[in-house]
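# A look at the structure
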Amino acid sequence: GSSGPSGATGPTGSGGSGPTGPTGATGPTGVGGGTSGGGGVGPTGPTGPTGAAGVATLSPSSVDPETLTRGGLYTDVARGGTVTASTGTTLAGNGPVGEYAEADYSRTTLFPSTLTVDMGSVRSGIVELVFEGSLRGNTADLPAYQGAEAYQLAWSADGTNWNQIPPVAPVDGDVFDQLLGAPVNGRYLQLVLHQAAASPSNPVQISMLRAISYLEGESTVVDAPRLYGAFGLLCACSSF
């Protein structure tokens, strides 16, 4: 008798990477005992899932500091540190490393006056030191920042060997912002005040003293700003 018909070829699947489908069933035997038809090719399986995307790494040298701050990658490692002050200096609230400029500050009328902050351990990746000289809008209590009477700011890893940071003029009237250039690892901060900028007889008031680190940054944006009482939020960024 004649041979039976071949089995139909299976359709190609929509995916491209799945396993090949099983061989189709054998066709029926032809009339008269002919050879059975061959099985069709099964469909190709569906494409597998796409793998997870990789995580990008940002370098502070290639990203605008304000972008990092708003993303919560900066954190203040001086917050809550232990503050000591020379004779004649008043420490209000939690001192200049506290959260509120209105209530947490140092104030002195005796010069030179020295503030020292112990952050508790060596903190890594410090790229910026910032402090405010007075309550916002009051420039009478700013420290001198020019000439022989300019303030002196330094950091140290051991409390003995100090690295001096050149003084800078305030931005926005009262914010002193020192960019360190390269990240440093330090435990202590020291600020020496010689007199007020407006008049040698004026007191000097310091608040919001911060050491900004990017290696120890937290994952939430609320860590970047520091509270400024009723005046709103103060951003810990160089472009403020």
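Refer to the structure printed above.
Definitions and limits used
- Along each chain, numbering runs from 1 in the same order as the chain's sequence is written.
- Predicted model: local features are reported for residues with pLDDT of at least 70 only, side-chain atom pairs are reported and counted for 80 or more only, and whole-chain, interface and lining totals are derived from all residues.
- Note: side-chain values were computed over all heavy atoms of the structure, leaving out hydrogens and water.
- Pairing of aromatic side chains here covers Phe, Tyr and the six-membered ring of Trp, requires ring centres within 6.5 Å, and sorts the geometry by plane angle: under 30 degrees stacked, over 60 edge-to-face, intermediate tilted.
- Here a strand is any run of E in DSSP of at least two residues, a helix any run of H or I of at least four, and the numbering for each starts at the N terminus.
- Working definition: with a 1.4 Å probe on protein chains only, accessible area under 20% of the residue-type maximum means buried, over 50% means exposed, and in between means partly exposed.
- Buried Ala, Val, Leu, Ile, Met, Phe, Trp, Tyr and Cys residues form a nonpolar core when they are joined through side-chain atoms within 4.5 Å.
- Contacts were defined at the residue level, with two residues in contact if any of their heavy atoms lie within 4.5 Å.

## What to know about the packing of aromatic side chains
- Applying the stated criterion across every chain yields a total of four aromatic pairs.
- Centre to centre, the rings of F131 and F176 are 4.8 Å apart; their planes meet at 10°, and the pair counts as stacked. With F131 in strand β5 (residues 113-132) and F176 in strand β8 (residues 175-193), this residue pair connects regions lying 45 residues apart in the sequence.
- You can call F131 buried: its relative accessible area is 0%.
- We classify F176 as buried; its relative accessible area is 0%.
- Summarising the aromatic geometry, the rings of Y151 and F176 are spaced 5.4 Å apart at their centres and angled 80° between planes, so their arrangement reads as edge-to-face. One end of the pair, Y151, is in the loop between β5 and β6 (152-156); the other, F176, is in strand β8, with 25 residues separating them in the sequence. Both residues of the pair, Y151 and F176, belong to the buried class.

## Points about the nonpolar core
- Ranked by size, the top nonpolar core spans 26 residues in total, and within it M119, I126, L129, L189, L191 and A211 carry the most contacts.
- In contact with M119, not counting residues within four places along its chain, are V77, A78, I126, G186, R187, Y188, L189 and A211.
- Grouped together as the second largest cluster of nonpolar side chains are five residues, Y74, V127, V175 and I212 included.

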